[in-house]
Amino acid sequence: FLLFLILGLFLFPGNLKSQERKFEKVRIGVSVIPLAANSVGPYERLDGAGSLTSSKFFSGMLSLDYPINQRFFFTSAVGYSRQQIISEGAPNPPNKPSKDTLSLKIFEVPVLAGFHLGRFFYANLGPMVHFDLSKKQQIMDKQNGLGLQFGIGFDWDISSSFSLQLEPGLKAYSLIPFESGNYPDRILSAGIKIGAKYVIW
């Protein structure tokens, strides 16, 4: 992927003019993240504390791209993700550590600033506000807060109005949590987004 990115940065900038029509159109998009590697828990290491593990992750998103010029654009979106959080208590010999499972559901609204890196590649970065839709529980802190999203993607034209995207990216949840706490649980997610976009005007 890094090789393609370098090629996009240095070999394709001159082709921006041929992409003017696509880059200056409003596009609607739909995407999914079928798999992601998630780190769950407080940033600080706590002695004697249990552990939280993410599994069965899936995320979907609906977005709109608003062009500013041939290089810059804004993206507003709404997204939903679900995953299982497995809580395992600290070891307490001779007893086995306790285990519990939470079905975590998050609704998120990112607002991203984007930049076209030549003809095929782009990058985006911006804040996202997110809300925990899960039932009340005591396994982990509620994931209501302000986070950050970053991605570098590949945009492949199928036609003049339809394109496919592949975007590796990072999401950091609860950088600013809405609920107070000394060591709040946070989620750091690294995944690959697969999507499609269509020109609407």
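Remember, it's a predicted structure, so these values are computed and weren't measured experimentally.

Rules used in this analysis
- Residues numbered from 1 in each chain as written.
- Predicted model: local features only at pLDDT ≥ 70, side-chain atom pairs only at ≥ 80, totals over all residues.
- Heavy atoms only, no water.
- Helix = DSSP H or I, 4+ residues; strand = E, 2+ residues; numbered from the N terminus.
- Buried < 20%, exposed > 50% of the residue type's maximum accessible area, 1.4 Å probe, protein only.
- Contact = heavy atoms within 4.5 Å.
- Areas by Shrake-Rupley, 256 points an atom, 1.4 Å probe, with all protein chains shown as cover.
- Core = buried A, V, L, I, M, F, W, Y, C linked by side-chain atoms within 4.5 Å.
- Pairing = 2+ DSSP bridges.
- Salt bridge = Lys/Arg side-chain N within 4 Å of Asp/Glu carboxyl O.
- pLDDT = per-residue confidence, 0-100.

Asks: Can you walk me through the overall build of the protein chain in this structure?
Replies: The number of helices and strands found in the protein chain is two helices and nine strands. When the elements of the protein chain are put in sequence order from the N terminus, they spell out α-α-β-β-β-β-β-β-β-β-β. Relative to its full complement of 201 residues, the protein chain shows a buried share of 39%. Summarising the internal contacts of the protein chain: among those between residues at least 6 apart in sequence, 67% fall at separations of at least 24. Surface summary for the protein chain: the accessible area is close to 11400 Å², and the carbon and sulfur share equals 64%.

Asks: Can you walk me through the environment of Phe-107 in this structure?
Replies: With respect to the element layout, Phe-107 can be found in strand 5 (residues 99-117). The exposure class assigned to Phe-107 is partly exposed, which follows from its relative accessible area of 32%. Residues Phe-107 and Met-61 lie 46 residues apart in sequence; the distance between their C-alpha atoms is 9.8 Å. Excluding residues that lie within four positions of it along the chain, Phe-107 makes contacts with Val-78, Gly-79, Val-129, His-130, Phe-131 and Leu-133.

Asks: When you look at the nonpolar core in this model, what are you seeing that I'm missing?
Replies: Where a protein is soluble and globular, its nonpolar side chains tend to be buried together. If you look at the biggest cluster of nonpolar residues, it comprises 11 residues: Val-40, Leu-52, Ile-85, Leu-102, Leu-104, Ile-106, Met-128, Ile-139, Met-140, Tyr-173 and Ile-187. Broken down by element, the residue count for this core peaks at three residues, all from strand 5. Those residues in contact with Leu-52, other than ones at most four positions away along the chain, are Val-40, Gly-41, Ile-85, Ile-86, Ser-87, Ile-139, Met-140 and Asp-185.

Asks: Quick question: what am I supposed to make of the environment of Val-26 here?
Replies: Secondary-structure assignment places Val-26 in the loop between helix 2 (20-23) and strand 1 (27-33). It is 8.5 Å that separates the C-alpha atoms of Val-26 and Tyr-198, two residues lying 172 residues apart in sequence.

Asks: So what exactly am I meant to see when it comes to the pairing of strand 6 (residues 121-132) here?
Replies: Every regular strand shows the same layout, with side chains that alternate between the two sheet faces. In terms of strand pairing, strand 5 meets strand 6 through 10 bridges, oriented antiparallel. Across the sheet, Ala-113 pairs through a bridge with Leu-125, a residue of strand 6. Both strand 6 and strand 7 (residues 145-157) contribute to a ladder of 10 bridges, which runs antiparallel. Bridging from a neighbouring strand, Phe-121 pairs with Phe-154 of strand 7.

Asks: Could you clarify how one ought to interpret the pairing of strand 9 (residues 186-199) in this entry?
Replies: Both strand 1 and strand 9 contribute to a ladder of six bridges, which runs antiparallel. Bridge assignment links Gly-29 to a residue of strand 9, and that residue is Lys-197. Note that strand 2 (residues 36-41) and strand 9 share six bridges and pair antiparallel. Bridge assignment links Ala-37 to a residue of strand 9, and that residue is Ala-190. Across 11 bridges, strand 8 (residues 162-177) lies against strand 9 in antiparallel orientation. Looking at the pairing, Leu-164 lines up with Ala-196 of strand 9.

Asks: How should I be thinking about unusual backbone geometry in this particular structure?
Replies: When glycine is set aside, most residues are seen to have a negative phi, and most peptide bonds are trans. The phi torsion at Lys-56 lies on the positive side, around 55 degrees, for a residue other than glycine. For Lys-56, the location among the structural elements is in strand 3 (residues 51-67). A positive phi angle is found at Ser-174, which is not glycine, with a value near 55 degrees. Tracing the backbone shows Ser-174 in strand 8. Taking the relative accessible area as the measure of exposure, Ser-174 reaches 1% and is therefore buried.

Asks: Please clarify how the pattern of salt bridges should be interpreted in this entry.
Replies: Side-chain pairs of opposite charge can arise whenever the charged atoms involved come near each other. This model, assessed by the stated rule, comprises six salt bridges. The shortest N-O distance in the salt bridge between Glu-108 and Lys-171 comes to 2.6 Å. Pair noted here: Glu-108 is in strand 5 and Lys-171 is in strand 8, with a separation of 63 residues, a long-range link. Through salt bridges with shared partners, a single ionic network connects Arg-27, Asp-65, Asp-155 and Lys-197.

Asks: Explain the confidence of the model for the protein chain to me, please; I cannot follow it from the model alone.
Replies: Should the pLDDT be low somewhere, the predicted coordinates at that spot are not to be read in detail. Mean pLDDT over the protein chain stands at 85; residues scoring 70 or higher make up 82%. Averaged over each element, pLDDT in the protein chain is lowest for helix 1 (residues 2-11) (46) and highest for strand 6 (97). A low-confidence stretch, residues 1-18 (pLDDT under 50), is modelled with 23 contacts involving residues beyond four sequence positions or located in other chains.

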